Amino acid sequence: MKFVSLLVTAFLFSLTAQASPSQFDEIKKTGVLHAASEGAFPPFNYFKGKTLEGFEIDLTNEISKRIGVKKVEWKTYAFDSLLIGLGEKRYDLVAASHAITPERAKAVDFLNPYYCSGGVILTKSGGPQTMAALAKKTVAVAVGTTYAQFFDKGKGIEVKTFPKDVDGIQALLSNKVDALMTDKFVVLQLKKEGKLPGLVYSEIIEQERIAIAVHKGEPQLVAALNEGLSKVMSDGTYAKLSQKYFGEDIRCK
Ligand code: ARG
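The present account deals with the structure reproduced in this document. (Residues numbered from 1 in each chain as written. Predicted model: local features only at pLDDT ≥ 70, side-chain atom pairs only at ≥ 80, totals over all residues. Heavy atoms only, no water.)

1. Focus on the overall build of the chain
Thinking step 1. Looking only at helices and strands, the chain features 10 helices and 14 strands.
Thinking step 2. C-alpha atoms of the chain, sized along the principal axes, occupy 80 × 40 × 35 Å.
Thinking step 3. A burial count over the chain gives 47% of its 253 residues as buried.
Thinking step 4. By sequence separation, contacts in the chain at least 24 residues apart represent 70% of the contacts at least 6 residues apart.
Thinking step 5. Taken as a whole, the chain presents about 12900 Å² of accessible surface, with 58% of it coming from carbon and sulfur.
Thinking step 6. Across the chain, the 33 positively charged side chains and the 28 negatively charged ones have centroids separated by 1 Å. (Helix = DSSP H or I, 4+ residues; strand = E, 2+ residues; numbered from the N terminus. Buried < 20%, exposed > 50% of the residue type's maximum accessible area, 1.4 Å probe, protein only. Contact = heavy atoms within 4.5 Å. Areas by Shrake-Rupley, 256 points an atom, 1.4 Å probe, with all protein chains shown as cover. Lys, Arg positive; Asp, Glu negative; His and termini not counted. Charge placed at Lys NZ, Arg CZ, Asp CG, Glu CD.)

Below is the structure:
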């Protein structure tokens, strides 16, 4: 009897051990890494026709190569559902310009940051570009971003959320909101593409450290990816990509 129950225990133990191999073991076994992004935050992640491109797409592909991954499978989702899907282990990582925040760090683990930037306030010329000037005004932000919470600190600022930055920009151009906050490099890119006619922007309002997110409790995956990241940062790959997309090196100083 004792022997049988021992056997049963051993069997159950082997089942649970098999049911949860580490995510990194799985990646090594299949050679495939499942990655998620948004596809609407140029030049970090965006679609050119049907192809997902961008700085953090290229960077993630390069990091993955360094740790023996043969293929990165990309899927795109709405920004505010990305970390939820990660919690459900629907993919191995999210590269979508998430800032490291204490709140997010409760739900996911972050790699070391791969760039530093911050939100700027975009308005029509002469529009409100400080917290004080924004009192009693309306500001557009993309849903789920750090910017969406930022204005809670201001007095009487009405925050309107939009699915994507481009929707907020439409609202700003048609005077439905007074301002919009998004990343400085996104604004520089849209400006370069002529998509911000007559709009002006502030300095960075709040600095952020941006990192790839992985499911909580996958220390081997975090260690491997951080090693890959540090390699691309030191072997010239990062510098080249950053130069290509931004004309400067945007790593955290
Ligand atoms: N850095 C900001 C944040 O952490 C904005 C990120 C937006 N990313 C995107 N793919 N739309 O919330």
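Here the narrative resumes, following the displayed structure.
2. Here we look at the sheet that holds strand S3 (residues 45-48)
Thinking step 1. Taken in spatial order, the three strands of this open sheet run S2-S3-S4, and their pairing is antiparallel. Only two strands of the sheet have a single neighbouring strand rather than two, namely strand S2 (40-41) and strand S4 (51-53).
Thinking step 2. Pairing of S2 with S3, which is carried by two bridges, proceeds in the antiparallel orientation. Looking at the pairing, Ala40 lines up with Tyr46 of S3. (Pairing = 2+ DSSP bridges.)

3. Some words on the state of the cysteines
Thinking step 1. Applying the stated criterion to the full structure yields one disulfide.
Thinking step 2. Note that Cys116 is cross-linked by a disulfide to Cys252, the S-S spacing being 2.1 Å. Taking the sign of the S-S torsion, 95° for the link of Cys116 and Cys252, the bridge is right-handed. Taken together, the residues span a long stretch of sequence, with Cys116 in strand S8 (residues 115-124) and Cys252 in the segment after helix H10 (237-246) at a distance of 136 residues.
Thinking step 3. Exposure remark for Cys116: the relative accessible area of 22% places this residue in the partly exposed category. (Disulfide = S-S within 2.5 Å.)

4. What about the site of the ligand?
Thinking step 1. Lining the immediate environment of the ligand, one finds 14 residues, of which Glu38, Ala99, Arg104, Thr146 and Glu208 sit closest.
Thinking step 2. At 3.5 Å from a nitrogen atom of the ligand is found a side-chain nitrogen or oxygen belonging to Asn45.
Thinking step 3. A distance of 3.5 Å separates a nitrogen atom of the ligand from a polar side-chain atom of Tyr147.
Thinking step 4. Protein burial of the ligand: of its 350 Å² of free accessible surface, 99% is covered by the chains.
Thinking step 5. Going through the elements one at a time, helix H6 (146-150) and strand S13 (206-210) are the ones with two or more residues in the shell around the ligand.
Thinking step 6. Of the residues contributing to the shell around the ligand, the split by class is six nonpolar, five polar and three charged. (Near = heavy atom within 4 Å. Polar contact = N/O pair within 3.5 Å; in protein donor to acceptor, adjacent residues only side chain to side chain. Nonpolar A, V, L, I, M, F, W, Y, C, P; charged D, E, K, R; others polar.)

5. Examining helix H7 (residues 165-173)
Thinking step 1. All buried positions along H7 are accounted for by Asp165, Gly168, Ile169, Ala171 and Leu172. Considered in projection along H7, the buried side chains sweep an arc of 160° and stay on one side of the axis.
Thinking step 2. Immediately beyond the C-terminal end of H7, within one or two residues, lies Asn175, with a positive phi of roughly 60°. (Arc of directions from axis to C-beta.)

6. Focus: the pattern of salt bridges
Thinking step 1. All chains considered together, the criterion is met by 13 salt bridges.
Thinking step 2. Asp249 is the partner of Arg251 in a salt bridge, and the nearest nitrogen-oxygen pair spans 3.0 Å.
Thinking step 3. Judged by its relative accessible area of 23%, Arg251 is partly exposed.
Thinking step 4. According to the relative accessible area criterion, Asp249 is partly exposed, its value standing at 25%.
Thinking step 5. Through salt bridges with shared partners, a single ionic network connects Glu62, Lys65, Arg66 and Asp235. (Salt bridge = Lys/Arg side-chain N within 4 Å of Asp/Glu carboxyl O.)

7. A short note on empty space enclosed by the protein
Thinking step 1. According to the stated counting rule, one finds one cavity of 30 Å³ or more in the structure shown.
Thinking step 2. Every residue lining the largest cavity is counted, 16 residues in all, and those nearest its centre are Phe41, Phe79, Ser97, Thr145 and Tyr147.
Thinking step 3. Listing elements by their share of the lining of the largest cavity, those giving two or more residues are S2 and H6.
Thinking step 4. Of the residues contributing to the lining of the largest cavity, the split by class is seven nonpolar, four polar and five charged. (1 Å grid on protein atoms, 1.4 Å probe; cavity = no way out; pocket = protein on both sides within 12 Å on 5 of 7 lines; lining within 4 Å. Points joined across faces, edges and corners; volume = space filled by probe spheres on them.)

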